[in-house]
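# Coordinate inspection notes
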Amino acid sequence: MTKPRILKTRVTHLEMTERPTQSVPTPVSFKLALMRATTISLPFYRFLYEQVGKPHHWSVHRRLSDEELAAIIHRSNVDIHVLYADGSPAGFFELVLDEEQAVTEILYFGLVPEFQGRGLAKFFLNEAILTAWMSSPQKVIIETNTLDSPRALQMYQRMGFKPVSFAEAEIDAWD
């Protein structure tokens, strides 16, 4: 097994402490369905994770065994939603609720490449944010890094997230 290439990135941690009042209209260029994936199958989760995350070198869930992955994504405090556009999976978001800390984290959020740049991101992020607030946390958190879409940080801030800290990280490249 070859040693993975290491990428350096700057991570921005953001938070939102008030429920947003703005609404984002549903795009009319697609027939859309947003569905909660209760007990998502591991192959489908891996498919979504790769389709959305590979261009951005997502790595945390990538090399987990089926048992390790199931133990994480099938916990009662994990909530996964899949966006379908014209019948095809177009993206997903994954929320982690920490009731003790009164925080909901948007752990993963993204669209598959074929659906990027087609007017879905702001609508889809708004849906993720509204869903995150449904558990009545004191704050919603998200992070992004310089390997994500170059527009991600700006969009998160336009939607109401405020940067609260930064970190440097090293990530295994998805080669």
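This is a predicted model, so every value here is computed, not measured.

## Regarding the packing of aromatic side chains
- Within this structure, the stated rule accounts for 13 aromatic pairs.
- Ring geometry for Trp58 versus Phe92: centroids 6.1 Å apart, planes at 75 degrees, classification edge-to-face. Of this pair, Trp58 sits in the loop between α1 (42-53) and α2 (66-73) while Phe92 sits in strand β4 (residues 88-98); the two residues are 34 residues apart in sequence, bridging distant segments of the chain. Each member of the pair, Trp58 together with Phe92, is buried.
- Here a set of aromatic residues connected by ring pairs shows up, and it is made of Tyr45, Tyr49, Trp58, Phe92, Tyr108 and Trp174.

## Topic: the nonpolar core
- Judged by nonpolar contacts, the single largest core of 47 residues is most densely connected at Tyr45, Phe92, Ile106, Phe109, Tyr156 and Phe161.
- Looking at this core, the element that brings in the most residues is helix α3 (residues 121-133), giving seven residues.
- Every residue in contact with Phe161, bar those within four places of it in the chain, is listed here: Leu14, Glu15, Met16, Ile106, Ile129, Val140, Ile141, Ile142 and Tyr156.

## Some remarks on the pairing of strand β3 (residues 78-85)
- A large share of β3 lies buried, amounting to seven of its eight residues.
- In this structure, strand β2 (residues 32-36) lies alongside β3, joined through five bridges in antiparallel fashion. Following the sheet pairing, Ala33 is matched in β3 by Tyr84.
- One ladder, built from eight bridges, connects β3 with β4; its direction is antiparallel. Each bridged residue has a counterpart across the sheet, and for Ile80 the counterpart in β4 is Glu94.
- Counting the residues in the hairpin turn of β3 and β4 gives two residues, including Asp86, whose phi is positive at 50 degrees.

## A word on the pattern of salt bridges
- Throughout the structure, instances matching the rule amount to six salt bridges.
- One salt bridge connects Glu170 with Lys8, and the closest N-O pair in it is separated by 2.6 Å. Placement of the pair is Glu170 in strand β7 (residues 162-172) and Lys8 in strand β1 (residues 6-16), with a sequence separation of 162 residues. You'll find Glu170 and Lys8 in the same group, each marked exposed.
- Close ionic contact of Asp66 with Arg46 constitutes a salt bridge, the shortest N to O distance being 2.8 Å. Of this pair, Asp66 sits in helix α2 while Arg46 sits in helix α1; the two residues are 20 residues apart in sequence, bridging distant segments of the chain.

Conventions used here
- Residues numbered from 1 in each chain as written.
- Predicted model: local features only at pLDDT ≥ 70, side-chain atom pairs only at ≥ 80, totals over all residues.
- Heavy atoms only, no water.
- Phe/Tyr/Trp six-rings, centres within 6.5 Å; stacked < 30°, edge-to-face > 60°.
- Helix = DSSP H or I, 4+ residues; strand = E, 2+ residues; numbered from the N terminus.
- Buried < 20%, exposed > 50% of the residue type's maximum accessible area, 1.4 Å probe, protein only.
- Core = buried A, V, L, I, M, F, W, Y, C linked by side-chain atoms within 4.5 Å.
- Contact = heavy atoms within 4.5 Å.
- Pairing = 2+ DSSP bridges.
- Salt bridge = Lys/Arg side-chain N within 4 Å of Asp/Glu carboxyl O.

These figures capture arrangement, not role.
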